[in-house]
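Coordinate analysis (summary)
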Amino acid sequence: MNAKANLMTEGSIRKKLIGFAFPLFLGNLFQQLYNAVDSLIVGNFAGSNALAAVSSAGNLIFLFVGFFNGISMGAGVVIARFIGAEDKKNTEIAVHTTVMLGLISSLLMTVVGVGLTPWILKMMSTPDVVYEQSVMYFRVYFAGSLGFVMYNVFMGILQASGDSKHPLYYLMFSSLINVVLDLILIAGFHMGVGAAAFATVMSQLSSALLCLRRLMKVEADYRIVFKKLGMTAKMTKRILNFGLPSGLQNSIMAFSNVVIQSYINSFGELAMAGIGAYVKVEGFMFIPVTSFCMAITTFVSQNVGAGKTDRMKKGVFFGAFCTLATAEVMGVLLFVFAEPLVRMFDTNPDVIFYGVERAHIVTLFFFMCAFTHFMSAVLRGIGKPMVPMYVFLFCWCVARVLILTISSLYVHTIYMTYVVYPITWTISSVVLILYYLFLKKKETRA
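In every chain, residue numbers begin from 1 and rise along the written sequence. For a predicted model such as this one, the threshold for reporting local features is a pLDDT of at least 70, and the threshold for listing and counting side-chain atom pairs is 80 or more; totals across whole chains, interfaces and linings nevertheless cover every residue. Side-chain measures were taken over the full set of non-hydrogen atoms in the model, leaving aside hydrogen atoms and water.

1. Looking at the overall build of the protein chain
We count a stretch as a helix when DSSP gives it H or I for four or more residues in a row; a strand needs E for two or more, and each element gets its number in order from the N terminus. Within the protein chain, the secondary structure is distributed over 16 helices and zero strands. Computation of the radius of gyration draws on C-alpha atoms alone. For the globule rule, the value is 2.2 Å times the number of residues to the power 0.38. Rg of the C-alpha trace for the protein chain: 21 Å, near the compact-globule value of 22 Å for 446 residues, within the 12% margin. Each of the three principal axes of the protein chain carries a C-alpha extent, and together these read 55 × 50 × 35 Å. Burial classification: accessible surface area is computed with a 1.4 Å probe over protein chains only, and a residue below 20% of its type maximum counts as buried, one above 50% as exposed, and the rest as partly exposed. Taken across its 446 residues, the protein chain has 57% of its residues classed as buried. Every residue pair with non-hydrogen atoms within 4.5 Å of one another is taken to be in contact. If you take every contact in the protein chain between residues at least 6 apart in sequence, the share linking residues at least 24 apart comes to 84%. Per-residue and other accessible areas follow the Shrake-Rupley method at a 1.4 Å probe size, with only the shown protein chains counted as cover for residues. As displayed, the protein chain offers around 18,400 Å² of accessible surface, 69% of which is attributable to carbon and sulfur atoms.

This is the structure:
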């Protein structure tokens, strides 16, 4: 199976970016189906309490998974640079070091996730009526850490090579497995939230194995050969220099959301279910943004590796326009169709009320959130991953916790969990605009 890396250092910028981003969009769409299908089937066949248990899973899972995914993102930047520079030796070393890091991360994820789940759920003020179901969901999910960690590692390698199509095919297949297992185990045998987690784990494991098969058979510099697996100190340090800031950035985002989730939990299981359903819908709406951000990181990384700065800048400008415009269109659509979309997950009027209420406050500010994510992707690509990490730490974590903590001293209202998002999106956007202007001024002086 011969395959040459899809270099984004030549050819039409528009065609390269859109051609790379579109399969990513479809892939992210199917990946989002993992949790959404769980919630749809659980909400309709197991009730609001079960939906609340599954809905609260997202933030806590991303707290752990996001860190290791960030490492994979950093590794992808390093690999993409070597591919762009056509450096065969370092490409091979980077790929096999990344795989070893993924295997070690899988083990850590399993031990930490399974062991700390009950304690974390207690800290999040999870209501007693959903506590046992939440513990079951998380423990089954984290027991299958190998599947979703290694899938993200393998997908990162493929995307660094410019291949966004094969991960899409594998996700389509694994999503079908997820849906079938959910219907059989939950709708058919009424096995509950543990079965929903099991279905997700098995589907992710299948996509990881398909990616691995592709990477073992491809005739290219990024081919995986088991006897070459290992870690060199130099390459590990390089990958972690890029990956740790991205991983910490993801965990910072998740931690702030866990804090907000604990605040939401204090309003009961109906609020948890309603806002959880909204978050699932929001995840779908943000898929185009996520796809363009993933594409721009690979584009920037390869062109930086090839020394094509002017081409990189043109791609950033085009990508920014596509990302912001798409985000706002999605925001308007969600604002208008929030009620029927939330109703798909649960027909309880109170659940729908909470979901729609959140949508009507945050959706029109999606472009601010998109701008922050896009600039973070660009900065990772050019080798400045620490900057977005600090922005997310102070603007999305510290600021959110402070706003909720201070406001709760005067009034205990769920509205604060809604407005805290647009406020912090705006702050981070302003900070990144100022930093970008600083870089341009510095470049002009040089």
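What follows continues from the structure just given.
2. Description of the environment of tyrosine 418
One can find tyrosine 418 in helix H16 (residues 415-445). Taking the C-alpha atoms as reference points, tyrosine 418 and cysteine 369, 49 residues apart in sequence, are found 14 Å from one another. Apart from residues no more than four positions distant in its own chain, tyrosine 418 is found in contact with Ile275, Tyr354, Glu357, Arg358, Ile361 and Val362. Pairing of N or O atoms within 3.5 Å defines a polar contact, subject to two protein rules: one partner must be a possible hydrogen donor and the other a possible acceptor, and residues neighboring in sequence count only if both atoms are side-chain atoms. At 3.1 Å, the side chain of tyrosine 418 forms a polar contact with the side chain of glutamate 357.

3. Things to note about the packing of aromatic side chains
When the centres of two rings from Phe, Tyr and Trp lie within 6.5 Å, Trp using its six-membered ring, the rings pair. Their planes under 30 degrees apart give stacked, over 60 give edge-to-face, and anything left gives tilted. The full count for this structure, using the stated rule, is 15 aromatic pairs. Ring centres of phenylalanine 22 and phenylalanine 25 lie 6.2 Å apart, and the angle between their planes is 25 degrees; this geometry places the pair in the stacked category. Separated by three residues within a single helix, phenylalanine 22 and phenylalanine 25 lie in helix H1 (residues 13-45), roughly one turn from each other. Residue phenylalanine 22 is classed as partly exposed on the basis of its relative accessible area of 48%.

4. A word on the pattern of salt bridges
The salt bridge criterion pairs a side-chain nitrogen of Lys or Arg with a carboxyl oxygen of Asp or Glu, the two atoms within 4 Å. Tallied over the entire structure, the rule returns three salt bridges. We note a salt bridge from arginine 343 to glutamate 339, for which the minimum N-O separation is 2.8 Å. Residue arginine 343 and its partner glutamate 339 are both found in helix H12 (residues 309-343); the two are separated by four residues, about one turn of the helix.

5. Let's talk about the environment of serine 72
Note on placement: serine 72 falls in helix H3 (residues 57-84). Taking the C-alpha atoms as reference points, serine 72 and methionine 344, 272 residues apart in sequence, are found 34 Å from one another. When sequence neighbours within four positions are dropped, the list of residues in contact with serine 72 reads Asn152 and Val153.

6. Here's the deal with the side chain of serine 206
Mapped onto the elements of the fold, serine 206 is located in helix H8 (residues 193-217). Beyond its immediate stretch of four places on either side in the chain, serine 206 contacts Ser174 and Ile177.

7. Some points on the nonpolar core
Counting 70 residues, the largest nonpolar core has Leu17, Ile296, Phe366, Phe374 and Trp425 as its most contacted members. With near-sequence residues (within four places) excluded, tryptophan 425 lies in contact with Val362, Phe365, Phe366, Met368, Cys369, Thr372, Trp396 and Arg400. Side-chain atoms within 4.5 Å link the members of a nonpolar core, which is a set of buried Ala, Val, Leu, Ile, Met, Phe, Trp, Tyr and Cys residues. Judged by nonpolar contacts, the second largest core, of 58 residues, contains Phe148, Ala196, Ala208 and Tyr222.

8. Concerning unusual backbone geometry
Positive phi, normally seen in glycine, also occurs at glutamate 86, with a value near 55 degrees. Relative to the helices and strands, glutamate 86 resides in the loop between H3 and helix H4 (88-123).

9. Notes on the state of the cysteines
Defined simply, a disulfide is a covalent bond joining two cysteines at their sulfur atoms. Note on terminology: disulfide denotes any pair of cysteine sulfur atoms within 2.5 Å. Applying the stated criterion across every chain yields a total of zero disulfides. Take cysteine 369: it sits in no disulfide, and the sulfur closest to it among the cysteines is that of cysteine 293, at 9.0 Å. For cysteine 369, a relative accessible area of 6% gives the class buried.

10. Looking at a nonpolar patch on the surface
Distance thresholds for patches are 9 Å for like charges and 5 Å for nonpolar side chains (Val, Leu, Ile, Met, Phe, Trp, Tyr), applied to residues having over 30% relative accessible area and no salt bridge. Residues Met386, Tyr390, Phe394, Val398, Leu402, Ile406, Leu409, Tyr410 and Val411 make up a contiguous nonpolar surface patch of roughly 950 Å² in combined accessible area. Its place among the elements puts leucine 409 in the loop between helix H15 (386-408) and H16. Owing to a relative accessible area of 67%, leucine 409 belongs among the exposed residues under this scheme.

11. Quick word on the packing of helix H14 (residues 366-381) against H15
Axis definition: a line fit to C-alpha positions, over the contact stretch in the case of helices; interaxial angles, taken between N-to-C directions, run 0 to 180 degrees. Following both chains from N to C, one finds H14 and H15 inclined at 150 degrees, their axes separated by 9 Å at the closest point. With respect to H15, the axis of H14 lies roughly antiparallel. Residue-level inspection shows Cys369, Thr372, His373, Ser376 and Leu379 of H14 in contact with H15, the latter providing Val387, Pro388, Phe392 and Trp396. Here the residues of the contact of H14 with H15 are counted per class, giving six nonpolar, three polar and no charged. In these notes the angle categories are as follows: under 35 degrees is roughly parallel, over 145 is roughly antiparallel, 65 to 115 is roughly perpendicular, and the rest is oblique. Each residue receives one of three labels: charged for Asp, Glu, Lys and Arg, nonpolar for Ala, Val, Leu, Ile, Met, Phe, Trp, Tyr, Cys and Pro, and polar for the others, Gly being one of them.

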